[in-house]
Amino acid sequence: MTASPPRIGGLDVESWGDPEDPIVLLVGAPERLSGDWRRSVRALVDAGRHVVLAAAFDGDEDASVALRRLLTEIPSRPAIVCADETLPVMAPALAVTGPALASCLVIVAGEGQGVVSPEVEALLTGVPTQVVSRADTLEDAPDRLEAENAALLGFLERQAPREALHYQAGSDPRTLRDALGCFATGVTVVTTLDEAGQPVGLTANSFSSVSLDPPLILFCLARSSTNVERFRQAEHFAINVLHIGQQPTSGVFARSQADRFQDVAWETWDTGAPILSGALASFECGTEQIVEAGDHLVIIGRVTRARFEPRRDPLLYFRGKYRRLHFS
Ligand SMILES: Cc1cc2nc3c(=O)[nH]c(=O)nc-3n(C[C@H](O)[C@H](O)[C@H](O)COP(=O)(O)O)c2cc1C
């Protein structure tokens, strides 16, 4: 996250994320906006929001006027997230012309709080409003924090949707790549032996199951791979599904490096294809079929042997980054 300290409408603000993204304005009560809230800021930025934090207000009677000025000067109609103790200052700033100033309002209330008085409700007429309750600390409850952030993002998506990105056939492969990156995958290391009996392998997330009967799997190999001819010739190969602790291994097998196997433990089973010791799952395969498909080969294998470790979490890959499971 990058922080910059500009002023908007005469108020100090801090901001994070891409200024081109839709704005979420966080207002007031720094103690509510610290700790877990910092993590919410990160979730908002990751979800494509530009987060602007307005400095705390101390009940000064001009605070509503200052906020209203900020709302009129902010570049686009923001979604507002405000702590419940700040509501008496926030609500008058939205009186009458609220819908023109803000796309929606999320009120963050302490547990058991959050009843909006009829007077305040009247000031907020026409502004879609949601109250979310937030425990003072969620440090010991990461799943709950995830769920609260998901609810907040869900409301924002409905009330202030981000513009979807589009790919048009024949142009802009980068956007297509980004669209494909929305499909979360595991990560594997695909291995075989070269003609001299030396192990070769590379990181691949294009692995997929194909058929149970007969037992078939596939992966896609770039024609630009230095190993393309070796896999084309190989009668056998293995797929090693990586667990969360094997991110460094994924890095090694994705970089060009003389001997990718020198620091990993591996063994062989029936065909000689390298099986990485301790992988989450390994599949030994005979090459069944190779389909030429654009700039990749689709390599289909018939599984002859498999082993898996049921108690470890997978290494995941999503939107160009390594990830881990959040929910068990
Ligand atoms: C997470 C991840 C997934 C990848 N998936 C594939 C894949 O499915 N197919 C592929 O050909 N390359 C894939 N790559 C790229 C190769 O691992 C990388 O280009 C590697 O250096 C190829 O080595 P080689 O040319 O020696 O075969 C992936 C890389 C990463 C980091």
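It should be emphasised that the depicted structure is a prediction, and the values quoted were computed from it without experimental measurement.

*Asks:* Describe the site of the ligand, and please don't skip the residues or the numbers.
*Replies:* Residues in close proximity to the ligand total 16 residues, the closest being T203, S206, A222, S225 and T226. Backbone polar atom of A222 to an oxygen atom of the ligand: 2.8 Å apart, as the coordinates give it. For the ligand, an oxygen atom lies 2.8 Å from a polar atom in the backbone of A254. Isolated, the ligand exposes 640 Å² of accessible area, and the fraction of that covered by the protein chains is 78%. Going through the elements one at a time, β10 (199-204) and β12 (216-222) are the ones with two or more residues in the shell around the ligand. Residue classes in the shell around the ligand are distributed as 9 nonpolar, 6 polar and 1 charged.

*Asks:* Break down the sheet that holds strand β8 (residues 185-186) for me, citing the residues and quoting the values.
*Replies:* Paired through backbone hydrogen bonds, the strands of a sheet run either parallel or antiparallel to each other. Taking strand neighbours across the sheet as the criterion, the 3 strands line up as β8-β18-β19 in an open arrangement whose pairing is antiparallel. Each edge of the open sheet carries a strand with a single partner, namely β8 and β19 (321-323). Bridge analysis of strand β18 (residues 316-318) against β19 gives 3 bridges, and the strand direction is antiparallel. In the sheet register, F318 faces β19, and the bridge partner there is K321.

*Asks:* Give me the nonpolar core: which residues, what numbers.
*Replies:* Ranked by size, the top nonpolar core spans 30 residues in total, and within it L25, I80, L87, M90, L94 and L105 carry the most contacts. Contacts of L25, omitting those with residues within four sequence positions, involve V52, A54, L70, L71, I74, P78, A79, I80 and V81. The next biggest cluster of nonpolar side chains, apart from the first, holds 19 residues, and it includes L53, A79, V108 and L152.

*Asks:* Account for the pairing of β12, naming residues and giving values.
*Replies:* For β12, the buried fraction is high: 5 of the 7 residues fall into the buried class. With antiparallel pairing between neighbouring strands as the criterion, strand β11 (residues 208-211) and β12 make up a hairpin whose turn holds 4 residues. Examined bridge by bridge, β12 and strand β17 (residues 296-308) share 7 bridges and lie antiparallel to one another. Counterpart to C220 in the pairing with β17 is V298.

*Asks:* Tell me what's going on with the packing of aromatic side chains, and back it up with residues and numbers.
*Replies:* The description of two aromatic rings rests on the distance between their centres and on the angle between their planes. Evaluation of the coordinates by the stated rule reveals 6 aromatic pairs. Ring geometry for F207 versus F283: centroids 5.7 Å apart, planes at 35 degrees, classification tilted. Here the residue F207 occupies a position in the loop between β10 and β11, and F283 occupies one in strand β16 (residues 281-293), the gap between them amounting to 76 residues. Centroid distance Y317 to Y322: 5.3 Å. Interplanar angle 65 degrees. Geometry classified as edge-to-face. Put simply, the rings of F219, F231 and F237 touch in pairs and so form one group of aromatic residues.

*Asks:* Explain the side chain of N227 to me, using residue names and the numbers behind them.
*Replies:* Examined against the element boundaries, N227 turns out to sit in the loop between β12 and α8 (228-233). There is a polar contact of 2.7 Å between the side chain of N227 and the side chain of R230. Those residues in contact with N227 that lie beyond four places of it in its chain are V200, G201, L221 and R260.

*Asks:* Lay out the pattern of salt bridges with the relevant residues and their values.
*Replies:* Enumeration over the complete set of coordinates arrives at 10 salt bridges. Between E267 and R307 there is a salt bridge whose closest N-O contact spans 3.4 Å. Within this pair, whereas E267 is found in strand β14 (residues 266-267), its partner R307 is found in strand β17, the two being separated by 40 residues in sequence. Judged by relative accessible area, R307 falls into the partly exposed class, the value being 36%. Several salt bridges share partner residues, and in doing so they unite R223, E229, R232 and E292 into one network.

*Asks:* Explain the pairing of strand β3 (residues 23-27) residue by residue, including any values.
*Replies:* The buried fraction of β3 is high, at 5 of 5 residues. Of the two faces of β3, the one holding I23, L25 and V27 and the one holding V24 and L26 are both buried throughout. As paired strands, β3 and strand β5 (residues 79-83) are joined by 4 bridges and run parallel to one another. If you follow V27 over to β5, its bridge partner there is C82.

The rules behind each value
- Residues numbered from 1 in each chain as written.
- Predicted model: local features only at pLDDT ≥ 70, side-chain atom pairs only at ≥ 80, totals over all residues.
- Heavy atoms only, no water.
- Near = heavy atom within 4 Å.
- Polar contact = N/O pair within 3.5 Å; in protein donor to acceptor, adjacent residues only side chain to side chain.
- Areas by Shrake-Rupley, 256 points an atom, 1.4 Å probe, with all protein chains shown as cover.
- Helix = DSSP H or I, 4+ residues; strand = E, 2+ residues; numbered from the N terminus.
- Nonpolar A, V, L, I, M, F, W, Y, C, P; charged D, E, K, R; others polar.
- Pairing = 2+ DSSP bridges.
- Core = buried A, V, L, I, M, F, W, Y, C linked by side-chain atoms within 4.5 Å.
- Buried < 20%, exposed > 50% of the residue type's maximum accessible area, 1.4 Å probe, protein only.
- Contact = heavy atoms within 4.5 Å.
- Phe/Tyr/Trp six-rings, centres within 6.5 Å; stacked < 30°, edge-to-face > 60°.
- Salt bridge = Lys/Arg side-chain N within 4 Å of Asp/Glu carboxyl O.

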